[in-house]
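Listed below, chain by chain, are the residues.
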Amino acid sequence: MMRIILFLFTNLAVMFIFGLILNFTGIQSNSIYGLLIISSLFGFSGSLLSLFLSKWLALKSVNGEIIAHPRNDIENWLINIVKEQSIKKGIVMPQVAIYNAADINAFATGARRNSALIAVSTGLLDNMTPDEAEAIIAHEISHISNGDMITMTLIQGVINTFVIFASRLLSQIISNIISNNRNENNGEEKNSFTYFFVSTALELVFGILASMITMWFSRHREFYADASSANMVGRDKMISALNRLKISYPPKESDSIIAFCVNGKSDSFLKLFSSHPTLDKRIKALKNKEYM
C-alpha cells in the first residue's frame, strides 16, 4: 500500500510542478495536460507490460524449465529450501525453475509477491555449497517479499512519463522559437522536422540520464536483499556466497540475461549504469552490518 501511495504522490507532484512551469511559460494548459496524460499512458504501458510478461520473458530468455515435480535429490532440495524460506517471509511459494548455464546465477521476477518465479542456473547448483546456494536463494526470496519488482516498475513508469513529457514539451518550445525567428516557405513542414529531430535527441539524452536513477535504485535494493538473506540464513553464509561469486565463471557480455548478473561494474562511470553493486561493496556492507 505504501508503494501505491508514494506512486500517487509522485505523479501528483510531477503534475503540480509542470503545472507551475506552464503557468509561467503561458502554454495552453489543455494541450499540456493532454500531453501529460498521453505521456503517462505510454510511460507506464511499457513497464507494466514487461512486468506482467516478466516470468514468461525471463524463462524464454534463459530457456528455463519450471520444476513441476522434483526428479532428483537436487531439485527436491531446491524446492524444499524455497518453500521453507517463503514461509519465513510470509509469501506464497514462488514457482521454481532451473536453466542450463555455466555461470553462477539466479534471479527472481513476477508481477506480484504471491505469484513470482525464482530461476537458478545449473552453474550455481554445481559450484556452490548447499549453504551458499541457500543464501543466494534467500536473497532472491527477499527481492520478492520486498516487492522490488513492483517498485521498480512504478519508478520506471514515472521516469518514462517524465522523459516522454519533458522531451515533447521542450521540443515544442524550441521548434516554436526557431519557427518564429525565421521567415520561410514551407515553415510548417520544417517546423515539424525540427520538432521530430529535437524530441528524438532529447528523449535519447533524458533516457540515458533517467537510466542512472533506475540503476541507482536497483543497486540500492541489492544491499537490502543481501541483509535480509543474512538475517534469514546467517551473515557468514551470505558472505561466503558472495566470495564464491567473485571467482565464478563470468557471464558473457552478450548474454541476453545480463540484467540479472550478480556483479556490478567497478569503473567510476560505468557503475552508474550497473544494476548491481560490486561484490566487494556488498561484502563490505555485510561485514559492517549495514542495511541490517
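Residues numbered from 1 in each chain as written. Predicted model: local features only at pLDDT ≥ 70, side-chain atom pairs only at ≥ 80, totals over all residues. Heavy atoms only, no water.

As recorded by an unreviewed UniProt entry, the protein carries the name Protease HtpX and is attributed to Buchnera aphidicola subsp. Uroleucon sonchi. We quote the UniProt Subcellular location (unreviewed entry) comment for the protein here in full: "Cell membrane". (UniProt positions renumbered as here; feature names shortened; annotations may be inferred.)

A. Spatial organisation of the sheet that holds strand 2 (residues 95-99). Within the open sheet, the 4 strands sit side by side as 1-2-4-3. Their pairing is mixed. Only two strands of the sheet have a single partner each, and these edge strands are strand 1 (65-66) and strand 3 (106-112). Looking at chain direction, strand 3 and strand 4 (residues 115-121) are connected through 5 bridges and run antiparallel. Across the sheet, Thr109 pairs through a bridge with Leu117, a residue of strand 4. Its contacts with the sheet put helix 4 (residues 73-89) on strand 2 and strand 4, and the angle it makes with strand 2 is roughly 140°. Relative to strand 4, helix 6 (residues 130-145) is tilted by about 155°, and along the sheet it contacts strand 3 and strand 4. (Pairing = 2+ DSSP bridges. Helix = DSSP H or I, 4+ residues; strand = E, 2+ residues; numbered from the N terminus. Contact = heavy atoms within 4.5 Å. Axes fitted to C-alpha atoms, helices over the stretch in contact; angles between N-to-C directions.)

B. Highlighting the packing of helix 9 (residues 235-246) against helix 10 (residues 279-287). Contact geometry of helix 9 with helix 10 gives a least axis separation of 10 Å together with a crossing angle of 165°. Classified by the angle their axes make, helix 9 and helix 10 are roughly antiparallel. Classified by chirality, the crossing of helix 10 by helix 9 is left-handed. Of helix 10, the residues touching helix 9 (which contributes Arg235, Met238, Ile239, Leu242, Asn243, Leu245 and Lys246) are Leu279, Asp280, Arg282, Ile283, Leu286 and Lys287. In terms of residue class, the contact of helix 9 with helix 10 is built from 7 nonpolar, 1 polar and 5 charged. (Parallel < 35°, antiparallel > 145°, perpendicular 65-115°, else oblique. Left-handed = near helix turned anticlockwise from the far one by under 90°. Nonpolar A, V, L, I, M, F, W, Y, C, P; charged D, E, K, R; others polar.)

C. Here's a closer look at the packing of aromatic side chains. The final tally for this structure, using the stated rule, is 4 aromatic pairs. Their ring planes at 40° and their centres at 6.0 Å tell us that Tyr99 and Phe107 sit as a pair that is tilted. Judged by its relative accessible area of 3%, Tyr99 is buried. You can call Phe107 buried: its relative accessible area is 2%. Considering the side-chain rings of Phe223 and Tyr291, the 5.0 Å spacing of their centres and the 5° angle between planes classify their relative orientation as stacked. Here the residue Phe223 occupies a position in helix 8 (residues 187-233), and Tyr291 occupies one in the segment after helix 10, the gap between them amounting to 68 residues. Here Tyr291 falls in the partly exposed class, since its relative accessible area comes to 31%. One aromatic cluster is present, built from ring pairs that chain together Phe223, Tyr224 and Tyr291. (Phe/Tyr/Trp six-rings, centres within 6.5 Å; stacked < 30°, edge-to-face > 60°. Buried < 20%, exposed > 50% of the residue type's maximum accessible area, 1.4 Å probe, protein only.)

D. Quick peek at the UniProt feature "active site" (unreviewed entry) in the protein. In the numbering used here, UniProt assigns the feature "active site" (unreviewed entry) to Glu140. Tracing the backbone shows Glu140 in helix 6. Excluding its chain neighbours within four sequence positions, the residues that come into contact with Glu140 are Ala106, Phe107, Ala108 and Ile118.

E. Representation of the side chain of Ser274 in the model. Locating Ser274 in the fold gives a position in the loop between helix 9 and helix 10. For Ser274, the side chain forms a polar contact with the main-chain oxygen of His276, separated by 2.8 Å. (Polar contact = N/O pair within 3.5 Å; in protein donor to acceptor, adjacent residues only side chain to side chain.)

F. A look at the pattern of salt bridges. In the structure shown here, the tally under the stated rule is 9 salt bridges. Taken together, the shared-partner salt bridges in this structure form one network comprising Glu65, Arg71 and Glu75. (Salt bridge = Lys/Arg side-chain N within 4 Å of Asp/Glu carboxyl O.)

G. The arrangement of the nonpolar core in detail. Within the largest apolar cluster, 38 residues are counted, with the highest numbers of intra-cluster contacts made by Leu78, Leu124, Met128 and Ile136. With 7 residues, helix 6 is the largest single contributor of residues to this core. For Ile136, the contacting residues outside a window of four places in its chain are Ala106, Leu124, Met128, Met238, Ala241 and Leu245. (Core = buried A, V, L, I, M, F, W, Y, C linked by side-chain atoms within 4.5 Å.)

H. A look at the environment of Val198. Topologically, Val198 is positioned in helix 8. As a C-alpha pair, Val198 and Leu170 span 28 residues in sequence and 8.4 Å in three-dimensional space. Beyond its immediate sequence surroundings of up to four residues, Val198 is in contact with Ser171 and Ile174.

I. Layout of the pairing of strand 4. Counting buried positions along strand 4 gives 6 out of 7 residues, so the element sits mostly inside the fold. Of the strand pairs in this sheet, strand 2 and strand 4 are connected by 5 bridges, and their pairing is parallel. When the bridges of strand 4 are listed, Ile98 appears paired with Val120. In textbook terms, the turn of a hairpin is the stretch between consecutive antiparallel strands, and for strand 3 and strand 4 this stretch comprises 2 residues.

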